[in-house]
Structures are given as structure tokens and as C-alpha cells.
Amino acid sequence: MSVTTLPKVELHLHIEGAAPPSFIRGLAAEKKIDISGIFNERGEYKYTDFWHFLEIYEAATSTLQSPEDFRRLTRAVLAESAASGVVYTEAFLSPDFCGGRDVGAWREYLAAMIEAADEAERQDGITMRGIVTCIRHFGPEKAKETAICAAETAGDWLTGFGIGGDERAGELSDFSWAFDCAREAGLRLTAHAGEWTGPESVREAVDVLHCERIGHGVRAIEDLALVDRLAEDGIVLEVCPGSNVVLGVYPDWRSHPIEKLRARGVKVTVSTDDPPFFHTSMEREFQMLHDTFDWDEGVFDEITRTSLDAAFCDGETRSRIEKRLERRP
Ligand code: ADE
Ligand code: ZN
């Protein structure tokens, strides 16, 4: 089978983390910012571990300084995703990096990203929706301002709220105010958990923050009672196997628990997280899953169906994408 032609639905993609290194180098040159130290001799992002990755990520993001920069970034990212067969994508957007959590500035950045998404839909046939994310290691006070940006712009396009960053910073419960604010504005919820912290963090994301999806969540596998509960409650995991392997959550693809979670009835989906940082794409994730676990077209269809069901878009958009999946070659 060829994974290339399979239509794909991605739920977990950080817009800044999807920036090709060449795109960031171009912006740095335009603005005369010296960030040459974040690249290796092949021009790829260079980092030693997850915490260093977060630093390099933020250094790369420092070149993104205007709505126009984010418009260009969004257009470039969606072109890459569409080339990998993605027909629908949800991206994490950070008001922290888009005007410093000022609601007025955030509206301008958001409008620029929506303009790029509309163009990509017309030209590349890919649909995008946005999820505002707060950054855990920036702390709960900044997260409140981020949630207000999200609540003020909640709607058909900006459909979710989440949290990323250093999972070991503070407690998830410190972010309850931000998540309550977002939920009350009608936003759907997801949180990074069970990547760098254990199963208890996944429980907290569900029980305390009321998340219906979990970013990663893979370390739930360390507690089978939790795995069964996730399956029973239909909690969806946004699994990013390539990210987990490159960052060292698991030593190799064979050790990754995605197949065990799926076999035990958990709703798993597949995403790239920050593709150029992890030398991946949706096509490569699918290929590696096929090579490692022998996933065939039937399994990929099931994964894509699960992803679309769990998407935070409205029903009309979901039906449109569904028809697109049915029409495939
Ligand atoms: N931000 C970007 N990528 C991330 C990841 N894998 N975990 C937490 N925060 C992130
Ligand atoms: Zn992530």
C-alpha cells in the first residue's frame, strides 16, 4: 500500500514549530537577527533534549514579529501539510508570540492567519481551524490573559483552547481559571499531558480541566485502569509518535505504545507536533506506522475517521471533509 495518497486529518500541530528552518533563516536575515546558533551545519534546528528544544523553539519564534510574518508562515505551513496529503488540520496558535497577549493585537494576528488559511483552502484544498494555546512555563497569570484572547475571538474558526510547554512546570490545576474561561466562551479543550509526566497528569487534564482531548497522553499506558477509563469515556489522544521518539520519550518506534493503546480501545489519532524539528511529516508518520506495526489502509481509515470525529470544527465543516474522504482515489 502507498500512504502518500491517503487523505489525512491532523489535530496537533504547533504553528511556530512547523516553521521550516529556511523560512526562519529568511526572516532572521530580513530583520538582521542573529540566530545562527540554533541551526546545525545542515541548516536543521539543533537541540539536545526537550527543554533545550523549547529554548530553540522560542529563539526561532523571536523572528516572527508581525501579522504579516504569521500570514506568510501559515501559508507556508499549510502548503507543506497539503503536500503530505492533509485535508484538515488544527493548529495551536499562541497569543504570547502574537502581540504579547494584547487582545487588539491578537485580533490582527488572527485575521492574518485566517487570510492565509482561506487562500490555502482555495489553492491547496486544505481546511484549517485554530486552537489557542497557553504556555505552561510562562505561568498561570499569562495563561489567564491568553484565555481572554481566546474567549474574545472564539467562533467558527477559533474553536479550541489548550496548554503546551514544559509539563513539569507548576500544576495543571493552576490553570483552571484559564480553562474555565475558555470553556464558558464555548471553546473545546485539550491539554498536553502524559508526555513528560505520568498517567496522573492525564487524569488531571480530564478531571480537573475537563479536557476531551489530550496532547500526547501516551504515558497513560503506565496505568491500565486509566487506559480503560480513557477508552470507556471516549477521550481522544493526539499522539505524535515521531516527536516522542526524537525527543526520547521512547527509545524507538517499536517501543511506542500507540498500537497497545489502540488495541485496548483508546481513540488514538496521529499528528506531527513540530514537523521540521522532528524531521517528519504526516506522510512519514503514516509510513513509519505501516512499517513498524503493519498498519494497513483499514487502520489508517479508522484513525482518520476518529480524528475527524474528534475535530473541534462545526458539523457543516465536518460533513464537507467527510465527503472529501469518501471521494478519495
Ligand atoms: N510545544 C511545542 N511542541 C511541544 C511539545 N512536544 N510538548 C510541549 N510543548 C510543545
Ligand atoms: Zn505539542
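Per an unreviewed UniProt entry, the protein chain is named Adenosine deaminase, and its organism is Tranquillimonas alkanivorans. In the Cofactor (unreviewed entry) part of its UniProt record, the protein chain is described as follows: "Zn(2+)". Under the UniProt heading Sequence similarities (unreviewed entry), the entry covering the protein chain gives this text: "Belongs to the metallo-dependent hydrolases superfamily. Adenosine and AMP deaminases family."

(A) A look at the site of ligand 1. Close to ligand 1 lie H14, F50, F53, Y57, G164, G165, H192, E195, H216, D273 and D274. E195 is positioned with one of its side-chain polar atoms (N or O) 2.9 Å from a nitrogen atom of ligand 1. D273 has a polar side-chain atom sitting 2.6 Å from a nitrogen atom of ligand 1. Judged by the fraction of its atoms near the pocket grid, ligand 1 is located in the largest cavity. Among the elements that make up the shell around ligand 1, the one with the highest residue count is helix α2 (residues 50–61) (3 residues). Along the lines of polarity and charge, the residues of the shell around ligand 1 split into 3 nonpolar, 5 polar and 3 charged.

(B) Representation of unusual backbone geometry. Phi is positive for H210, which is not a glycine, with a value near 60 degrees. In this structure, H210 sits in the loop between α7 (199–207) and β6 (213–216). If you check the backbone angles, H216 has positive phi at about 75 degrees while not being a glycine. Locating H216 in the fold gives a position in strand β6. Judged by its relative accessible area of 0%, H216 is buried.

(C) Just the pattern of salt bridges, in detail. Overall, the coordinates contain 26 salt bridges when judged by the stated rule. Close ionic contact of E68 with R71 constitutes a salt bridge, the shortest N to O distance being 2.9 Å. Remark: R71 and E68 occur in helix α3 (residues 67–83); sequence separation between them is 3 residues, near one turn of the helix. Across the pair R213 and E90 runs a salt bridge whose closest N-O atoms are separated by 3.0 Å. Here R213 is found in strand β6, whereas its partner E90 is found in strand β2 (residues 86–93), with 123 residues between them in sequence. Neither residue differs from the other here; R213 and E90 are each classed as buried.

Scoring rules and cut-offs
- Residues numbered from 1 in each chain as written.
- Chains lettered and ligands numbered in written order.
- Predicted model: local features only at pLDDT ≥ 70, side-chain atom pairs only at ≥ 80, totals over all residues.
- Heavy atoms only, no water.
- UniProt positions renumbered as here; feature names shortened; annotations may be inferred.
- Near = heavy atom within 4 Å.
- Polar contact = N/O pair within 3.5 Å; in protein donor to acceptor, adjacent residues only side chain to side chain.
- 1 Å grid on protein atoms, 1.4 Å probe; cavity = no way out; pocket = protein on both sides within 12 Å on 5 of 7 lines; lining within 4 Å.
- Sits in = over half its atoms within 2 Å of the grid points.
- Helix = DSSP H or I, 4+ residues; strand = E, 2+ residues; numbered from the N terminus.
- Nonpolar A, V, L, I, M, F, W, Y, C, P; charged D, E, K, R; others polar.
- Buried < 20%, exposed > 50% of the residue type's maximum accessible area, 1.4 Å probe, protein only.
- Salt bridge = Lys/Arg side-chain N within 4 Å of Asp/Glu carboxyl O.

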